Amino acid sequence: MIEIVELVKQYGGFTAVRGLSLTVPPGAVLGLVGPNGAGKTSTLRCAAGIIPCTSGTVRIAGVDMARDPVGAKRHLAFFPDEPRLFDHLTVRQHLNFVARIYGVKDHEPLGAALLAELELTEKADALPGELSRGMKQKLAIACGLLHSPKALFLDEPLTGLDPLGIRRMKDSIVARAKAGAAVVLSSHLLHLLEEVCTHVLILKKGEKLADGTLAEVSSRFSNGEAGVSLEEIFLRATADRDDAAPAAR
Ligand SMILES: Nc1ncnc2c1ncn2[C@@H]1O[C@H](COP(=O)(O)OP(=O)(O)OP(=O)(O)O)[C@@H](O)[C@H]1O
Ligand SMILES: [Mg+2]
């Protein structure tokens, strides 16, 4: 379970996230969408304890991030848009290192299964400098999943992957949710989000414009039309009043 209550994030005098609340139960996948600069990455970083919240509460599997950051982080994995890896550790050494940090016992079979799932087995002895961009991303994902987190935060995880990689990543996210993880996923690839997410939250200028199941959010912006895509919903929800057609003003 991921619970965020009244999250505010300010950078100096600038407010990037304005009192955002959301709850993601086990098994749910929330798509966090919004225009560039809406506050998606800021929200994910605060929720994962990477940067401090200015105010508000984050609880991961019931553990309060401010009171017990190590306890909360034990239950989560955060996947940044740019994977950060250790230049001098091989793929296998990354997994060994992460297993030690998180105290994962008998991690080798799980690590091998993750490398196979992400098609990295052949690269087990390669250094990050010898991997393609997508492979680096997959390695970061293997590292993040090794401790079987209950909460997953993914920032633009599909960018840079090939079509098969995207499909595998989608399957992998859905499989983790089915196994009981709560997932928050930010992406601009709305047609792909539609296939993975159970819920969606539309953010603009740090404020929640709408959230709910895909069907609930669609019905709010579809004006009774059937089969309106998430992309169209996004455009309608985030359009500035000035963008609206003159007749609609
Ligand atoms: N470290 C920082 N210092 C100052 N301002 C920041 C910082 N990080 C982000 N911001 C500002 O906060 C706002 C939200 O940024 P954020 O990266 O959360 O947006 P985003 O929704 O992830 O956008 P994108 O779709 O482009 O990834 C932006 O106006 C950005 O300029
Ligand atoms: Mg971002």
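The structure this text deals with has already been given above.
What counts and how
- Residues numbered from 1 in each chain as written.
- Chains lettered and ligands numbered in written order.
- Predicted model: local features only at pLDDT ≥ 70, side-chain atom pairs only at ≥ 80, totals over all residues.
- Helix = DSSP H or I, 4+ residues; strand = E, 2+ residues; numbered from the N terminus.
- Rg over C-alpha atoms; globule rule 2.2 N^0.38 Å.
- Buried ≥ 20, exposed ≤ 12 C-beta atoms within 10 Å, placed from the backbone.
- Contact = placed C-beta atoms within 7 Å.
- Expected span 1.5 Å × (residues − 1).
- Near = placed C-beta within 6 Å.
- Axes fitted to C-alpha atoms, helices over the stretch in contact; angles between N-to-C directions.
- Parallel < 35°, antiparallel > 145°, perpendicular 65-115°, else oblique.
- Left-handed = near helix turned anticlockwise from the far one by under 90°.
- Nonpolar A, V, L, I, M, F, W, Y, C, P; charged D, E, K, R; others polar.
- Pairing = 2+ DSSP bridges.

(A) Representation of the overall build of the chain. A tally of regular secondary structure across the chain gives 9 helices and 10 strands. For 249 residues, the compact-globule formula gives about 18 Å, and the C-alpha radius of gyration of the chain, at 19 Å, lands near that figure. Once the C-alpha set of the chain is aligned to its principal axes, its extents read approximately 60 × 40 × 30 Å. Taking all 249 residues of the chain together, 38% fall into the buried category. Excluding contacts between residues fewer than 6 apart, the proportion of contacts in the chain whose partners are at least 24 apart in sequence is 68%.

(B) Inspection of helix H3 (residues 91–102) at higher detail. In this model H3 runs 17 Å from its N-terminal to its C-terminal C-alpha over 12 residues, within 8% of the 16 Å that 1.5 Å per residue would give. Gly 103 occupies a position one or two residues after H3 and carries a positive phi of about 65 degrees.

(C) Structural detail: the site of ligand 1. In the vicinity of ligand 1, the contacting residues are Tyr 11, Phe 14, Ala 16, Gly 34, Asn 36, Gly 37, Ala 38, Gly 39, Lys 40, Thr 41 and Ser 42. Counting only elements with at least two residues in the shell around ligand 1, the list comes to strand S2 (14–24) and helix H1 (40–47).

(D) Representation of the packing of helix H8 (residues 214–221) against helix H9 (residues 230–238) within the structure. Contact geometry for H8 and H9: axes closest at 10 Å, N-to-C directions at 55 degrees. Between H8 and H9, the angle is such that the two are oblique. The element H8 and its partner H9 pack so that their crossing is left-handed. On the side of H8, the interface is formed by Val 217, Ser 218 and Phe 221, while H9 contributes Ile 233, Arg 236 and Ala 237. Of the residues belonging to the contact of H8 with H9, the class tally is 4 nonpolar, 1 polar and 1 charged.

(E) Local environment of the pairing of strand S9 (residues 199–204). Counting buried positions along S9 yields 5 of 6 residues, so the element is predominantly enclosed. The sheet contact formed by strand S3 (residues 29–33) and S9 spans 4 bridges and is parallel. The residue of S9 that forms the bridge with Leu 32 is Leu 201. Pairing of S9 with strand S10 (residues 207–213) involves 6 bridges; the strand directions are antiparallel. Bridge pairing in S10 links Leu 203 to Lys 208. Taking the residues that link successive antiparallel strands as the turn, the S9-S10 hairpin has 2 residues, and the phi of Lys 205 there is positive, at about 50 degrees.

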